Amino acid sequence: MHSFLRNTAESILKENQDLQNLVIVLPNRRAGLFFTQHLGSLIAKPTWMPEVRTIEDVFYQYAGQRPADDLTLIFELYKVYQKLHPAPEEFDKFYFWGEMILKDFNDVDQFLVNAKKLYLHLSEIKDLESDLSFLTESQVELIKQFWRSFERQDRSHQDKFLKFWELLNPLYQAFQSSLDVSGFAYSGKLYRKVAESLDSLAKPDKKFIFIGFNAFTATEEKLVKHFIERFEAKVYWDVDSYYLEDKNQEAGLFFREYRKDRILGPTFPETIPNDIQSRKAKIFTYATPLKTNQANLVGSILENVVGESAWEETVVILPDEQMLFPVLHTLPDQIDKVNVTMGYPVKNAPVYAFLEAVLEMQRFVKVEEGKVLFYHKPVKDLLSSIYLKSANPEHAQKLLLDMQEKNQIYVSQEELHAGGDFFILIFQKLKGNTLFEYLSTLMEEMAKRLEEEPLQRSYLYQCFKQLNRLKETFVDQDSMNISLEFFIRLFRQVFREVKLPFEGEPLQGLQVMGVLESRNLDFRRVIICNMNEDSFPPSGALNSMIPFNIRRAFNLPVQEQNDAIYAYTFYRLLQSAEEVHMIYTTASDQGKAGEKSRYIQQMMIEMGLDMKEEVIYVPIDLKNPQAINIEKEAEVLELLERYVIQPDGKSLTSFSPSALSVYLDCRLKFYLQYLAGIKEKEEVKEEIDAAVFGNLAHYSMEFLYQGFQQRKKTDVLEKSAFKELKEKWVFPSIELGIRKFYHLEEDADTKLGGQMAIVRDVLQKYLVRMLEIDEEAAPFRLVSMEKAHKAKFEIQGQEGLIRIGLKGFIDRVDEQNGTIRLIDYKSGADKKTFKNVESLFDREEKSRNKAAMQTLYYGLLYQSEHPENTQALKPALFNFKEIFNDDFNPYLQEKEGRAVGREVSDYRDHQKAYESHLKTLLEEVFDPAVPFGQTEDLKKCGYCPFKEICGR
């Protein structure tokens, strides 16, 4: 197999007898490792190896120091900024654009730009025009174009930009002086220092050989040229004529410039290799619908490789590091060794997510009357994590259940701390000056709990190291106040760049690496994932404060140079490849369109290679889902037996009016909800919806009248009783209703805030209005409040007569002027009119009155419990949306078409018809020939919680 590093090693070995007098300089350490391996395999007898370095090592050696970390440098930059700016902002606001300024300063020095001329003001353009030795006419024109476009901007934007722009040159100059005093430096400053003092360098003892470079910065180019011209250094270019000779190929952008250079030009070989065109590699492209499908495809491609022993000649390139673990999990068994040359981001690890969630929770902590309260959403996330679940599973489950039952928007620290030491550690209210110490303690505690999870401990260790680095940096800044919000942002910014390095044998096994790690390396089989535009090559403009035209004018890198670097990296992979597999996705991901990379498009048009494209389909049934019918087999009929009255006179459960309404709406929904027991997921509700409001009203009315009965020792309400009820007892009854609904203990704090306080006031108005209506109807006798009523109902079963259990909670039963009223409170605007009893059981009836069916059902229950009753049973609906109407009437009306409605004054007038239809309905439920099928009315599916199951 063709190998650039091996061929170069062979050439160096032929031309140099004494290798220990050589310094080999390569773009990165990995290339140096492979070069050393190739050189070692070519040497036949013991000898001293040459010194192998990166270009970075060379600069830092001559500079005599290494750069400080970015956070330390940004602190130094901020100190300078504070002295220059009349009204400096806080460090946490400065940090995030301070990063950008530091990056720009690094570019300025790396490319040897005159900062004073770069950060030029509009009025100083003439100074440039008179100094054409520094800038060409075209470069001056680029700068003029920027300022002309700038003059057309809004005046306020102009002023803001100019104030900022004028600050940058003084900031740059003062920052250099500050760094000289402190002894710190960034890499660009060190590079510039070396590049500007090359003439004073003594001739090195060893000969330098530069191998495999593509894009030099200005400082690197100056150093390499100096070593060639003064010290007879040699250069080996890793280049192919395919992109060098074609001026349209961006991959050869830098090489074409270097080839024209007086010093670098002669270092190019007379004959440029033509490996890409001559090799005629087999190239396959694959389109997959989803990102995760790529991992399976990589495993499939490798599995189809037969008889491969040299897996180190196969590489999997991952432009997106998130694909690392999915790919590793799908590798076939025949691959026994894998070398990963890329870090895996700690941000994707569970331990990082937990640490971030702990900090995020701090943003929503509040203190009321000395009590620390935590917002329910982050608390729920933490309680659902494996770390807290394993610490005390019973307590975590109890807290989650209590939050749901009590609808706790905020959870007290006292409740959370009952879980033990780890809960006490997690649920604290933190201050800025304790954050480092707290996180260190938390990480140490988590490490103890992860003794059997080596990978998670490795992630945690990387986080711990980074935290200590941050802590050391902040300790040196005595006057720096750390706000919680800033710490959280900094934590995310810094920790999300931390990667877990993988250890392995780099020269053996399947190679898995990122894009830039592949430079100078040759592979026979290449598999590239994420061959999508915006992924390879990556998208996005350079993050810079310096406008595009000015960057271009001063020869600072722009997106064009970035594109050229990635294009070269891609085509370089083709120079030795015999087999190339490129995979792209057709679905958009994180805002990136599912479009194949431009490199694939270019190859298809330009190269004329043998390319095969395959579309990988994920089997999807595009047919309409088949109707779901649950046949009443033995197991299903056994579930229905729970409703049947047993010999002991009891049934395991009973039919409620709601269950029968659900059955009429959709038989399948009834099966899923009442027989299969599938429940909707319950959530803590921060908003008070109609159902919650209705329940609160029910409980409040119950406590209002129960309290009256207990105080007065009577069930009869006279008109005179209502004045005191309205003035003294409405508010306390609402408080008791809230306690009952949210399962609060008697001594629990019911302090209400926000929406609940408003709801309480609205409830008060509703209850007062209800009392006014009842006052008009007084006197009446309370029979029961919120009481469960049951009945035994006989139907024809498969094997004869059976009795079925019925039940229902009647909100209120009272007696008025010899009539028993069966009152149902409704929070909605339920209609009180119905066509006839038959319409209440007709599932095809679009205006079927469910509320009327329910209140008549209560008549059946009451009469069944009191067969001796001879009083009229009058159903009534107190629907809250109508009680303020002047003509409010709570009683049901039987009405067909435009005929005058007839008030239902006694359930017993409709008893025979109602029980007959109910009997027919229940016999259908138990009929083995009638399956539990889906409704044909799709409108009923709109808000059904089971519609995903049905595919509706």
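Before reading further, recall that the structure is shown in the block above.
Reference entry: report on the structure contained in this document. (Residues numbered from 1 in each chain as written. Predicted model: local features only at pLDDT ≥ 70, side-chain atom pairs only at ≥ 80, totals over all residues. Heavy atoms only, no water.)

1. Digging into the pattern of salt bridges
Here is step 1: Here the structure, examined in full by the defined rule, presents 59 salt bridges.
Here is step 2: Across the pair K103 and D107 runs a salt bridge whose closest N-O atoms are separated by 3.6 Å. In this pair, K103 and D107 are both assigned in helix 5 (residues 91-110), 4 residues apart and thus about one turn of the helix distant.
Here is step 3: K103 sits in the partly exposed class, given a relative accessible area of 36%.
Here is step 4: Under the relative-accessibility criterion, D107 is labelled buried at 10%.
Here is step 5: The residue R363 makes a salt bridge to E485 at a minimum N-O spacing of 3.4 Å. Of this pair, R363 sits in the loop between helix 17 (350-362) and strand 9 (366-368) while E485 is found in helix 25 (residues 484-495), placing the two residues 122 residues apart along the sequence.
Here is step 6: Taking relative accessible area as the criterion, R363 reaches 37% and is therefore assigned partly exposed.
Here is step 7: Relative accessible area serves as the criterion here: at 38%, E485 is assigned to the partly exposed category.
Here is step 8: Look at the salt bridges and you will find they share partners, linking E308, E313, R524, R525 and E579 into a network. (Salt bridge = Lys/Arg side-chain N within 4 Å of Asp/Glu carboxyl O. Helix = DSSP H or I, 4+ residues; strand = E, 2+ residues; numbered from the N terminus. Buried < 20%, exposed > 50% of the residue type's maximum accessible area, 1.4 Å probe, protein only.)

2. Here's the deal with a negative patch on the surface
Here is step 1: Taken together, the side chains of E631, E633, E635, E638, E641 and E799 define an acidic patch exposed on the protein surface.
Here is step 2: What makes E631 partly exposed here is its relative accessible area of 40%. (Patch = residues over 30% accessible without salt bridge, like charges linked within 9 Å, V, L, I, M, F, W, Y side chains within 5 Å. Areas by Shrake-Rupley, 256 points an atom, 1.4 Å probe, with all protein chains shown as cover. Lys, Arg positive; Asp, Glu negative; His and termini not counted. Charge placed at Lys NZ, Arg CZ, Asp CG, Glu CD.)

3. Focus on the sheet that holds strand 4 (residues 234-236)
Backbone-to-backbone hydrogen bonds pair the strands of a sheet. The strands run either parallel or antiparallel.
Here is step 1: Strand order in the open sheet formed by 4 strands is 2-1-3-4, and the pairing between neighbours is parallel. Each edge of the open sheet carries a strand with a single partner, namely strand 2 (51-54) and strand 4. Neighbouring strand axes in the sheet, compared pairwise and without regard to direction, differ in orientation by 25° on average.
Here is step 2: Looking at chain direction, strand 3 (residues 207-211) and strand 4 are connected through 3 bridges and run parallel. (Pairing = 2+ DSSP bridges. Axes fitted to C-alpha atoms, helices over the stretch in contact; angles between N-to-C directions.)

4. Some points on the sheet that holds strand 11 (residues 410-412)
Here is step 1: Pairing within the open sheet is antiparallel, and its 3 strands lie in the order 9-10-11. Since the sheet does not close on itself, it has two edges, and those belong to strand 9 and strand 11, each with one partner. Sheet twist, expressed as the average angle between the axes of neighbouring strands with direction ignored, equals 40°.
Here is step 2: Note that strand 10 (residues 371-375) and strand 11 share 3 bridges and pair antiparallel. Bridge pairing links F374 to V411 in strand 11.

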